[in-house]
Amino acid sequence: MFCHCNPGWSGDRCEYPCTLECVHGVCAYDIQNRSEYCNCNDSSYIGPFCNTTRPIAAPITVQPVWLWPVVGSSVGLALLVIAVLLVLGYVMYRKRVYIIMKFVHYFQPYEENDGKEFDCFVSYKGRTEDEAFVYQKLYPKLEKEMNFKLCLHERDFTPGKPIAENIVWAVQESRRTILVLSPEYILSEWTTFEYQLAQQEMLKMKSGHRIVPLLFKDISGVSDINENLQVILNSITYLEYPRDGDSKKEEHFWKKLQLSMPKKRDAETKKEHEEPNTVKVDPTPNGNVQNVTSTKVDDETRVLVDEKDEIIINISKLPKDHGLLQLEVDDGIDLDSDTISLESNENRECFDLDRLDSGIVVSETEMYTRL
């Protein structure tokens, strides 16, 4: 038998008063310690007065074994991607001019059907190192390897015609004008006339003519640069030829120059295994020609042989429309002293054979100029 105590009392006979205000519990009296305390009925609350919410314990998680290797690999891959992007950005910055030129060249229209005869007129100062550069470097690279047709003073100007008229014709019949810049070039009156004409042609509506400044020598020491040339240099990005012998720089230079030239289908679809039209000149044993096989231009074989039946000159690679009619030569002529000529149907001397003993190889284009 036990007593059911009213609120505020405790003990076996409800003889001990309890005055604590327990929010979520009942007040109880500890007889041994003679103290009051709150007995929390709701386990969700704790504290002296059962008024504090019990904190929820965080769940215990066990990390998988593969976590750290995956995290490490991801961080490493991210760092690698960042490094590649940085290197790629640096390379693109260094080659930004070439990349932009490549992009512009890709979207520009083809220019071979505009009725002009030449892809480029080369403006340079004659009888200088500039001329040697044009014929030894520029001409072989652009015309022989890249298949662009150049207009050159010595080869394409009409003899007997005023120089000014030749220059006007060359600029108007060319899609580009390359200025081979040097101190000698800047001080020349004729080259001044050439780049001024090219500038006028470039400013014409729908002419499509462009100027390509090529810095062959340093011109920073030249004080009196023509105003027109200064405008060209300030408005058009020039290409600088590397004169330090660095092959990589030179290769990059030729790539940029090629992108500055007209866009042509025939240059892009040139056969990889096509043999060039060449005339091979072999050295003769004694410099004396005994007999000649003279045939028409549409025959397969056209050769000049010596007394031992060894081929001296073979023009079988020339196209049928080159205009050559026959080989004209006298038996027994000494090649070292006399001139043996190959003539066209216009009675125009096309090839001077007086240096057959030199063992050189000349091209179809060089057939039309004296060596």
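Residues numbered from 1 in each chain as written. Predicted model: local features only at pLDDT ≥ 70, side-chain atom pairs only at ≥ 80, totals over all residues. Heavy atoms only, no water.

**A few points about the side chain of Asn 166**
Following the sequence through the fold, Asn 166 ends up in helix 5 (residues 163-172). Classification of Asn 166 as buried rests on a relative accessible area of 2%. For Asn 166, the side chain forms a polar contact with the main-chain nitrogen of Thr 158, separated by 3.1 Å. Setting aside anything within four residues of it in sequence, one finds Asn 166 in contact with Phe 157, Thr 158 and Lys 161. (Helix = DSSP H or I, 4+ residues; strand = E, 2+ residues; numbered from the N terminus. Buried < 20%, exposed > 50% of the residue type's maximum accessible area, 1.4 Å probe, protein only. Polar contact = N/O pair within 3.5 Å; in protein donor to acceptor, adjacent residues only side chain to side chain. Contact = heavy atoms within 4.5 Å.)

**What about the confidence of the model for the chain?**
Averaged over all residues, the pLDDT of the chain equals 75, while 71% of them reach at least 70. For residues 271-312, every residue scores under 50 in pLDDT, and the model assigns this stretch 111 contacts once sequence neighbours within four places are set aside. For the stretch residues 315-371, pLDDT sits under 50, and the model shows 142 contacts to residues farther than four places along the chain or on other chains. (pLDDT = per-residue confidence, 0-100.)

**Topic: the pairing of strand 10 (residues 210-215)**
Most of strand 10 is tucked away, with 5 of its 6 residues classed as buried. One ladder, built from 6 bridges, connects strand 9 (residues 174-181) with strand 10; its direction is parallel. Paired with Arg 176 across the two strands is Arg 210, which belongs to strand 10. Where the polypeptide runs from strand 10 across helix 8 (residues 227-235) and back to strand 11 (residues 239-240), its parallel neighbour, the crossover connection is right-handed. (Pairing = 2+ DSSP bridges. Right-handed = clockwise from strand over helix to strand, strands pointing away.)

**Concerning the environment of Glu 112**
Looking at the secondary structure, you find Glu 112 in the loop between helix 2 (96-107) and strand 7 (118-123). A relative accessible area of 21% places Glu 112 in the partly exposed class. Those residues within four positions of Glu 112 in sequence are excluded, and the remaining contacts are Arg 175, Lys 263, Lys 264 and Arg 265. A distance of 3.4 Å separates the side chain of Glu 112 from the backbone nitrogen of Arg 265, its partner in a polar contact.

**Brief notes about the sheet that holds strand 7**
The 5 strands lie next to each other as 8-7-9-10-11, forming an open sheet whose pairing is parallel. Edge positions in the sheet fall to strand 8 (150-151) and strand 11, since each has one partner strand and no second. Note that strand 7 and strand 9 share 5 bridges and pair parallel. Directly across from Phe 118, in strand 9, lies its bridge partner Ser 174. Strand contacts of helix 8: strand 9 and strand 10, with the helix running at about 105° to strand 9, the strand carrying the most contacts. (Axes fitted to C-alpha atoms, helices over the stretch in contact; angles between N-to-C directions.)

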